[in-house]
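Okay, here's what each chain looks like letter by letter:
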Amino acid sequence: MGGGVSVRGVDPAIREFEALMDQFDKILDRCDSETVEYTKCINAKGCGDVAGLFSRNFRPGKTSKTYSGPCGAKAYELSACFERREDRYALVRTNCGKLNEDYEICMMQNSKNPSECAQSVRKLLECTQNALNYLNSKK
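Small disclaimer: the values here were computed from a predicted structure and weren't measured.

The rules behind the values
Residues numbered from 1 in each chain as written. Predicted model: local features only at pLDDT ≥ 70, side-chain atom pairs only at ≥ 80, totals over all residues. Heavy atoms only, no water. Helix = DSSP H or I, 4+ residues; strand = E, 2+ residues; numbered from the N terminus. Buried < 20%, exposed > 50% of the residue type's maximum accessible area, 1.4 Å probe, protein only. Contact = heavy atoms within 4.5 Å. Areas by Shrake-Rupley, 256 points an atom, 1.4 Å probe, with all protein chains shown as cover. Salt bridge = Lys/Arg side-chain N within 4 Å of Asp/Glu carboxyl O. Axes fitted to C-alpha atoms, helices over the stretch in contact; angles between N-to-C directions. Parallel < 35°, antiparallel > 145°, perpendicular 65-115°, else oblique. Left-handed = near helix turned anticlockwise from the far one by under 90°. Nonpolar A, V, L, I, M, F, W, Y, C, P; charged D, E, K, R; others polar. Disulfide = S-S within 2.5 Å. Core = buried A, V, L, I, M, F, W, Y, C linked by side-chain atoms within 4.5 Å.

Visitor: Could you give an account of the overall build of the protein chain, naming the residues involved and the relevant values?
Guide: Per the secondary structure count, the protein chain includes six helices and zero strands. When the helices and strands of the protein chain are listed from N to C terminus, the series reads α-α-α-α-α-α. Evaluated residue by residue, the protein chain yields a buried proportion of 29% over its 139 residues. In the protein chain, the proportion of contacts linking residues at least 24 apart, taken out of those at least 6 apart, comes to 64%. Carbon together with sulfur atoms contributes 52% to the accessible area of the protein chain, which is approximately 9,100 Å² in total.

Dropping the structure here:
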C-alpha cells in the first residue's frame with residue numbers, strides 16, 4: 001500500500017539512464033534552491049508572477065535586475081540561475097555538439113526505450129564535465 005514507487009521492479013538499465021540524466025541535470029544546475037526560495041516567498045506573501053518570470057521577464061543574457069514587489073529579489077535570483085543554466089547548456093552545444101546531436105538522435109529513435117541511450121548520455125556527460133571543468137579553471 002502507499003503511493004511510493006518500488007525500485008525493485010525497475011530495470012537496471014532504466015535506473016542507470018535516469019541516474020545519468022539526473023547527474024547531467026545537476027551539472028547544468030536545476031535551480032532547485034532558487035525555485036524553492038521563490039516559491040516560498042510567493043506562497044508566504046501571496047504574490048508573484050511565475051508566468052512573467054518564465055516568459056516576458058526572462059531572456060537569456062538579459063536578466064532583469066528590476067524585479068519589483070515583495071519577491072523581486074527571489075525572482076531575480078531564479079532568473080539569474082536560469083541564465084547561468086542556459087550559458088552552461090550553450091557551452092555543451094558548443095564543445096560537445098556532436099555528442100549532444102547523437103544523444104538527441106538516439107532519443108528520437110528510442111523514444112519508447114530511452115535507456116538504450118545510456119551510452120550517448122554517458123559520453124555527453126563526460127564531455128560536459130570536461131568542458132565545465134575547463135571553464136571553471138579559467139576563472
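Now that the structure has been shown, we can carry on.
Visitor: An account of the pattern of salt bridges is requested, with residue identities and associated values reported.
Guide: Taken as a whole, this structure holds ten salt bridges when the rule is applied. Because the salt bridges share partners, they merge into one network encompassing Asp22, Lys26, Arg30 and Asp32.

Visitor: Lay out the side chain of Asn100 in plain terms, naming residues and giving numbers.
Guide: Relative to the helices and strands, Asn100 resides in helix α5 (residues 97-109). Residues contacting Asn100, with those up to four places away along its chain left out, are Tyr89, Arg93 and Leu124.

Visitor: Lay out the packing of helix α2 (residues 32-45) against helix α4 (residues 72-95) with the relevant residues and their values.
Guide: At a minimum axis distance of 9 Å, the contact between α2 and α4 shows a crossing angle of 155°. Here α2 is positioned roughly antiparallel relative to α4, judged by the angle of their axes. For the pair α2 and α4, the crossing hand works out as left-handed. Contacts between α2 and α4 involve Glu34, Thr35, Glu37, Tyr38 and Cys41 on the former and, on the latter, Lys74, Ala75, Glu77, Leu78, Cys81 and Arg84. For the contact of α2 with α4, a count of residues per class yields five nonpolar, one polar and five charged.

Visitor: Go over the state of the cysteines, please, and point to the residues and values.
Guide: Using the criterion set out here, one finds four disulfides in the structure. Covalent S-S linkage joins Cys96 and Cys127, the inter-sulfur distance amounting to 2.0 Å. Where Cys96 bonds to Cys127 through sulfur, the torsion about that S-S bond is close to -95°, and the disulfide is left-handed. Of the two residues, Cys96 sits in the loop between α4 and α5 while Cys127 sits in helix α6 (residues 118-137), which places them 31 residues apart along the sequence. For the pair formed by Cys96 and Cys127, the shared burial category is buried. Disulfide partners in the protein chain, listed by the sequence order of the bonded cysteines, are 1-4, 2-3, 5-8, 6-7.

Visitor: A description of the nonpolar core should follow, citing residues and the corresponding values.
Guide: Within the largest apolar cluster, 18 residues are counted, with the highest numbers of intra-cluster contacts made by Leu20, Phe24, Val92, Cys96, Val121, Leu124 and Leu125. Among the elements of the structure, α1 (12-28), α4, α5 and α6 are those that each provide at least two residues to this core. Discounting chain neighbours no more than four positions away, the residues touching Val121 are Phe17, Leu20, Met21 and Tyr103.

Visitor: Please provide a residue-by-residue account of unusual backbone geometry, values included.
Guide: Positive phi, normally seen in glycine, also occurs at Asp29, with a value near 85°. Here Asp29 lies in the loop between α1 and α2. Classification of Asp29 as partly exposed rests on a relative accessible area of 21%. Look at Cys31: it is not a glycine, yet its phi comes out positive at around 65°.

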